[in-house]
Amino acid sequence: MSELPRPQIDEISRPYWEGLEQGRLLYQHCRSCGHNWLPARQTCSACLSTQLEWLQSRGQGRIVSWVVYHVAYHDALKDRLPYDVTLVELAEGPRVLTNIVNSRGGKALRIDARVDLAIEREGDMSLARFRLVEDAAP
Ligand SMILES: [Zn+2]
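About the criteria used
Residues numbered from 1 in each chain as written. Predicted model: local features only at pLDDT ≥ 70, side-chain atom pairs only at ≥ 80, totals over all residues. Heavy atoms only, no water. Buried < 20%, exposed > 50% of the residue type's maximum accessible area, 1.4 Å probe, protein only. Helix = DSSP H or I, 4+ residues; strand = E, 2+ residues; numbered from the N terminus. Pairing = 2+ DSSP bridges. Donors = N, O, S within 2.8 Å, 3.2 Å for Na, K, Ca; no water. Tetrahedral: all angles 85-135°; square planar, octahedral: opposite > 155°, others 65-115°. Core = buried A, V, L, I, M, F, W, Y, C linked by side-chain atoms within 4.5 Å. Domains from an automatic or database assignment. Contact = heavy atoms within 4.5 Å. Buried area = accessible area lost by both parts, 1.4 Å probe. Salt bridge = Lys/Arg side-chain N within 4 Å of Asp/Glu carboxyl O.

> Go over the pairing of strand S8 (residues 125-132) with me, naming the residues and quoting the values.
Counting buried positions along S8 yields seven of eight residues, so the element is predominantly enclosed. Pairing geometry for strand S7 (residues 114-122) and S8, over eight bridges, is antiparallel. The residue of S8 that forms the bridge with Val115 is Leu132.

> Now, about the coordination of the zinc ion: what can you tell me, with residues and values included?
Coordination angles at a metal have ideal targets, namely 109.5 degrees for four tetrahedral donors and 90 or 180 degrees for six octahedral donors. Those donors, Cys30 (SG), Cys33 (SG), Cys44 (SG) and Cys47 (SG), are the protein atoms that reach the zinc ion, and they lie 2.3 to 2.4 Å from it. Each of the four donor atoms around the zinc ion contributes to a set of angles spanning 106 to 115 degrees, which defines the coordination as tetrahedral. In primary-sequence terms, the residues that donate to the zinc ion follow C-x2-C-x10-C-x2-C. Here Cys44 lies in the loop between strand S2 (36-37) and strand S3 (52-56) and Cys30 lies in strand S1 (residues 26-30), a separation of 14 residues in the sequence. On the basis of relative accessibility, which here comes to 0%, the residue Cys44 falls in the buried class.

> Mind laying out the nonpolar core, listing which residues take part and the relevant values?
Ranked by internal contacts, the top residues of the largest apolar core, which has 20 residues, are Tyr16, Leu25, Ile100 and Leu132. Contributing elements (two or more residues each) for this core: helix H1 (14-21), strand S5 (83-90) and S8. Here this core spans two domains, since at least three of its residues come from each of domain 1 (9-56) and domain 2 (58-138). For Leu25, the contacting residues outside a window of four places in its chain are Tyr16, Leu20, Leu38, Leu55, Gln56, Ser57, Leu90, Leu117, Ala128 and Phe130.

> I'd like to hear about the domain arrangement of the protein, residue by residue, with values.
If you check the domain split of the protein, you get domain 1 (9-56) and domain 2 (58-138). Inter-centroid distance (C-alpha atoms) of domain 1 to domain 2 is 21 Å. Interface area for domain 1 against domain 2, summed over the two sides, is near 1,000 Å², with a carbon-plus-sulfur share of 67%. Connecting domain 1 to domain 2 are one salt bridge. Elements supplying a minimum of two residues to the side of domain 1 that touches domain 2: H1 and S2.

Below you can see the structure in the form of structure tokens.
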């Protein structure tokens, strides 16, 4: 069984990954214009300011879009088919590419469905995944 590819962690993104290890989802906030975003950047994506700080998300969001993979393009994902890759917008504004832990192979996903943070261990990493608040199952 091969392992999932690991994210590239550098000085800019390190606080994000360390936050997840501590059970917190952090995003970047611009002190100049108030913009919030992910993934981590060196400058504000709205005004290019470097006056940035990390804030903790409440972990609540909504589904913006998703795709469902029926083919594994990496050996480590073969046992997970079909699986979703979902774009979640946090209440604070940043958008996160993630998986929904109770998506039932994508069948339970709905636009604007509310989701809560569900940090999961994957090997020696902690990943920000989400859980549908109200499962739409009949
Ligand atoms: Zn800014």
